[in-house]
Amino acid sequence: MAANENIIEIEHLKKYYKDVKAVDDITFSVKKGEFFAFLGVNGAGKSTTISILCGEEKRTFGSVKIEGEDIEQQPFSARGKLGVVFQNSVLDGALTLAENLRCRAALYNISGDEYAARLNELCALFDLKDLLSRPVGKLSGGQRRRADIARALLHRPSILILDEPTTGLDPQTRKSVWEAVHAIRKVRGTTVFLTTHYMEEAADADRVVILDKGKILADATPLELKNAYTGDFITLYHANEEELRACGIRAERVGEALRIEVKNTAEATALILRHPQLFTDYEIVKGKMDDVFLNVTGKRGENV
């Protein structure tokens, strides 16, 4: 498969439950090696789409293909290309991590030297070697999450589906989980399909699709979405609010700073050049992905 070809192709997908249109005629694709973010509020159709993609639900209409194979016509081959990390861990807490991983490997007839090689690779990537003899139930949240991802990757799938993988984790642990995910992308070129509660996790994606009420509302890169749905912000430090008002500049106070919203970087630059005496300590930033999500759906990102 060429680098620019699609690894996932979904065309006119529909899933209806009597009068409920959970997924209502959506079409999108994911390229091989892409980091793809699939966002939407609860009930938007994300979980239903993923269930169909994983072969757990039957579609009402449309086409779902993985590396050219229809998920319903060639279910075992297509599903074998997927590794899935669910929001809730599926590891057995009473078993050690090594026992969990060996059981997973057995499902794919991976044993002997092949299993040992894959286990060593995953232990190195996810820092699991010292955890192998510990019961999974005694692992911390971050350790268990890394173990969940390693479990999903044992059979070397082409696609890693991460369904809200960092929910409930502290910022430092979320960072370590993402370092591990990006490491596997670099080593294997694995395609990552993400759903997340944290909008800024989607800021690093190659492409973002935003879903609402079963329909796609936006499909673009994070930068394109920020340019289309948010402005830029100038944050001023040690500024005089009265001087800004005298120059006709509206600003809102954010903590000890003042923030000015502008359409884009060009407008920010023009404003600074007109009033250089006001801009002695400042920074310019683009709107956040949470702002994008709010403006696209009218709902805060925390509700996804």
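Given the structure is predicted, the values throughout are model-derived calculations rather than measurements.

Notes on the pattern of salt bridges
- Taken as a whole and judged by the stated rule, the model has 17 salt bridges.
- Residue Glu 67 is joined to Lys 81 by a salt bridge in which the shortest nitrogen-to-oxygen separation is 3.1 Å. Separated by 14 residues along the polypeptide, Glu 67 in the loop between strand S4 (61–66) and strand S5 (69–70) and Lys 81 in the loop between helix H2 (75–79) and strand S6 (82–85) bring together distant segments of the chain.
- The salt bridge partner of Glu 252 is Arg 259, with a shortest N-O separation of 2.7 Å.
- By relative accessible area, Arg 259 is classed as partly exposed at 30%.

As for helix H3 (residues 97–107)
- Among the residues of H3, those classed as buried are Leu 97, Asn 100, Leu 101, Arg 104 and Ala 105. Down the axis, H3 shows its buried residues gathered within 135 degrees of arc, on one side only.
- Residues of H3 that are buried sit in contact with helix H4 (112–126) and helix H5 (141–153).

Some points on helix H10 (residues 289–297)
- Looking at H10, one finds that the buried residues are Met 289, Asp 290, Val 292, Phe 293, Val 296 and Thr 297. Along the long axis of H10, the arc covered by the buried residues comes to 155 degrees, so they all point the same way.
- Taken together, the buried residues of H10 touch strand S3 (35–40), strand S9 (207–212), strand S10 (215–220) and helix H7 (222–229).
- Where H10 ends, the next residue or the one after it, Gly 298, has phi of about 80 degrees, a positive value.

Let's talk about unusual backbone geometry
- One non-glycine residue, His 12, lies in positive phi territory at about 50 degrees.
- Here His 12 lies in strand S1 (residues 6–17).
- Given the relative accessible area of 43%, His 12 is considered partly exposed.
- Phi angles above zero are rare outside glycine, and Asn 109 is one such case at about 55 degrees.
- You can see Asn 109 is positioned in the loop between H3 and H4.
- Looking at Asn 109, the relative accessible area reads 68%, which means it is exposed.

Remarks on the sheet that holds S1
- Strand order in this open sheet of four strands is S2-S1-S4-S5, and the pairing throughout is antiparallel. The open sheet has two free edges, formed respectively by strand S2 (20–31) and S5, since each of these has just one partner strand.
- Two elements, S1 and S4, share five bridges in a ladder whose sense is antiparallel. Note that in S4 the partner of Glu 11 across the bridge is Ser 63.
- The sheet contacts of helix H1 (residues 46–53) involve S1, S2 and S4, and relative to S1 the element is tilted by about 120 degrees.

Cut-offs used in this document
Residues numbered from 1 in each chain as written. Predicted model: local features only at pLDDT ≥ 70, side-chain atom pairs only at ≥ 80, totals over all residues. Heavy atoms only, no water. Salt bridge = Lys/Arg side-chain N within 4 Å of Asp/Glu carboxyl O. Helix = DSSP H or I, 4+ residues; strand = E, 2+ residues; numbered from the N terminus. Buried < 20%, exposed > 50% of the residue type's maximum accessible area, 1.4 Å probe, protein only. Arc of directions from axis to C-beta. Contact = heavy atoms within 4.5 Å. Pairing = 2+ DSSP bridges. Axes fitted to C-alpha atoms, helices over the stretch in contact; angles between N-to-C directions.

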